[in-house]
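Listed here are the chains, written in short residue letters.
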Amino acid sequence: MRGGVLLTLLLLAPVAAQAQAPLKQSEWLPKGSTAAGDLLHRPREALEGGANQNFYVEFGRLAFRSPEILGGNARRAGLSCNACHVNGDTNARFFAPGLSDRPGEIDVTHALWNLRGEDGAHNPPTIPTLRNVATKPRLGHDGRVASLREFARSVIVTEFAGTEPSPLVLDALTAYMTRLRTPPPGEESVSLATDLADFDRDLKVLRVALLDEDAALTELTVRMIRGQIGFIAERFHKPAHDAARAALADWVDRLRGVERLAQAGDFPAARKLADGFPPAPQVLRDAEATSLYDAVTVQRELR
């Protein structure tokens, strides 16, 4: 094992526990980062075909944003494919102490992520964009991977110690990445509205799993959506936001109910519960102005 790995593992522990910052995203920013800009803006996403996407692309999009498909320390720290490749682009702000020499790099052959992947060298490559990745003849930081599907599996299993993904997960990730295109210049804002729009897209994925009466797919989808709700809940960080967090906790309870019914084989009841999902309550919008969706609040809290 490379020297210093144990220290790095110890340093990561508070990251996973969120002891150092209210938002997991902020753990991957370099010192001196302009927190408000880094946490409230991101590269635009552009998918071939626009908003009209099939289940595979939408499920792949959800998996791309979920730590659930990774393993070990990456999952515990809230890392996802999207953390390094925001909306499919490179994350020029990403920085992990000891694993990055400069923002926009990460050592993916480090024992912190996968003991079996340790290569004994400090060699953080620049995080590449995945836009138009389907047109590239060779993939991976060493150019050894020939197919997008193989690339997705290698990242999950070899680089980040995830369990062997199902064929459906690989199909979906491949479908999503195949559709990534270059958008017009500029960034998009991160807001409660954009996160709730993503949540609505994720619910449509869940409804397909329920219509297929696939209990295993329902369970995985629920776990991934619950994680996305957790990212929203992190933004409501003050005691005054108790009602907002309680509303989000109600969503999680409903999702757990959907999962229990699916596991019991009662898919009609599970579909009814999912179809009756309540709209976002006003209490969330009321709390947004003092939450970590607000630029002034972010700047003050994460200074």
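Bear in mind the structure is a predicted one, so any value in this text is a computation, not a measurement.

Peer 1: Tell me about the overall build of the protein, and name the residues and values.
Peer 2: Each helix and strand counted, the protein has 13 helices and two strands in total. Looking at the protein residue by residue over its 303 residues, the buried ones come to 50%. A separation threshold of at least 6 residues defines the contact pool for the protein, and within that pool the share at least 24 residues apart is 67%.

Peer 1: An account of the packing of helix α3 (residues 55-64) against helix α7 (residues 167-179) is requested, with residue identities and associated values reported.
Peer 2: Packing of α3 against α7 brings their axes to within 7 Å, and their N-to-C directions diverge by 95 degrees. In terms of orientation, α3 and α7 fall into the roughly perpendicular class. Where α3 abuts α7, its residues F55, Y56, V57, F59, G60, R61, A63 and F64 lie against L168, V169, D171, A172, L173, A175, Y176, M177 and R179. When its residues are assigned to classes, the contact of α3 with α7 shows 13 nonpolar, one polar and three charged.

Peer 1: Give me the lowdown on the nonpolar core, citing residues and values where you can.
Peer 2: Judged by nonpolar contacts, the single largest core of 72 residues is most densely connected at F59, I69, W113, L173, M177, F236 and W251. The greatest single-element share of this core, amounting to eight residues, is contributed by helix α8 (residues 192-211). Aside from chain neighbours lying at most four places away, what touches L173 is G60, A63, F64, I69, A152 and I156. Counting seven residues, the second-largest nonpolar core is a separate cluster that includes L39, L40, L292 and L302.

Peer 1: Got a sec to walk through the side chain of E45? Specific residues and values, please.
Peer 2: Relative to the helices and strands, E45 is located in the loop between β1 (41-43) and α3. Within polar-contact distance, the side chain of E45 engages the side chain of R61 at 3.1 Å. There is a polar contact of 3.2 Å between the side chain of E45 and the side chain of R65. When sequence neighbours within four positions are dropped, the list of residues in contact with E45 reads R61, R65, N87, Y176, E188 and R201.

Peer 1: Requested: an account of α8, with residues and values cited.
Peer 2: Over its 20 residues, α8 extends 29 Å from the first C-alpha to the last, a length consistent with the 28 Å expected when each residue adds 1.5 Å. Taken from the residues just after α8, E213 is the one with a positive phi, measuring 55 degrees.

Peer 1: Give a description of the confidence of the model for the protein that names residues and reports values.
Peer 2: Across the protein, pLDDT averages 89, with 89% of residues at or above 70. Below a pLDDT of 50 lies the segment residues 1-20, which in the model reaches 32 contacts outside its immediate sequence neighbourhood of four places, other chains included.

Peer 1: Break down α7 for me, citing the residues and quoting the values.
Peer 2: One full turn of an α-helix is made of 3.6 residues, so residues set three or four places apart face in the same direction. A rise of 1.5 Å per residue sets the reference length of α7, with its 13 residues, at 18 Å; its end C-alpha atoms lie 18 Å apart and thus fit the reference within 8%. Among the residues making up α7, those that are buried are V169, L170, A172, L173, T174, Y176 and M177. The secondary structure elements touched by the buried residues of α7 are α3, α6 (148-159) and α9 (215-235).

Peer 1: Quick rundown of the packing of aromatic side chains? Include the residues and the values.
Peer 2: This structure, assessed with the given rule, holds eight aromatic pairs. Relative to F160, the ring of W113 lies with its centre 5.4 Å away and its plane at 65 degrees, an arrangement referred to as edge-to-face. Of this pair, W113 sits in the loop between α5 (81-84) and α6 while F160 sits in the loop between α6 and α7, placing them 47 residues apart in sequence. When sorted by exposure, W113 lands in the same class as F160, which is buried. Arranged with centres 5.5 Å apart and planes meeting at 65 degrees, the rings of F199 and F277 form a pair that is edge-to-face. Placement of the pair is F199 in helix α8 and F277 in the loop between α11 (267-275) and α12 (282-288), with a sequence separation of 78 residues. Of the two residues, F199 and F277, both sit in the buried class. Sitting above the plane of the Y293 ring, R235 keeps its charged end 5.0 Å from the centroid. One residue, R254, lies across the ring of F277, its end atom 5.7 Å from the ring centre.

Rules and cut-offs
Numbering of residues starts from 1 in every chain and runs along the sequence as written. In view of the model being predicted, local features appear only for residues whose pLDDT reaches at least 70, and side-chain atom pairs are presented and counted only at 80 or more, with totals across whole chains, interfaces and linings using the full set of residues. For side-chain calculations, the full set of non-hydrogen atoms in the structure is used, while hydrogens and water are omitted. For helices the rule is a DSSP run of H or I covering at least 4 residues; for strands it is a run of E covering at least 2, with both sets numbered from the N terminus onward. Each residue is assigned to one of three classes by its accessible area relative to the maximum for its type, calculated with a 1.4 Å probe on protein chains only: buried under 20%, partly exposed between the two thresholds, exposed over 50%. Contacts are assigned to residue pairs that have any heavy atoms within 4.5 Å of one another. Every axis in this analysis is a line fitted to C-alpha atoms, fitted for helices over the stretch in contact. Angles between the N-to-C directions lie between 0 and 180 degrees. Throughout, the term roughly parallel applies to angles under 35 degrees, roughly antiparallel to angles over 145, roughly perpendicular to angles from 65 to 115, and oblique to all others. In this count, Pro and Cys sit with the nonpolar residues alongside Ala, Val, Leu, Ile, Met, Phe, Trp and Tyr, while Asp, Glu, Lys and Arg are called charged and the others, Gly among them, polar. Residues grouped as a nonpolar core are buried Ala, Val, Leu, Ile, Met, Phe, Trp, Tyr and Cys residues, joined through side-chain atoms within 4.5 Å. Each polar contact in these results corresponds to two N or O atoms within 3.5 Å; when the atoms are within protein, one needs to be able to donate a hydrogen and the other to accept it, and residues that are neighboring in sequence are counted only if both atoms are side-chain atoms. In a helix, the anticipated span is given by 1.5 Å times the number of residues less one. What pLDDT expresses is the predictor's confidence in each residue, scored from 0 to 100. Under the pairing criterion, centres of Phe, Tyr and Trp rings, with the six-membered ring standing for Trp, must be within 6.5 Å; the plane angle then separates stacked pairs below 30 degrees from edge-to-face pairs above 60, leaving the rest tilted. Put simply, a charge is over a ring when the Lys NZ or the Arg CZ is close to the ring centre, within 6 Å, and near the line of the ring normal, within 35 degrees.

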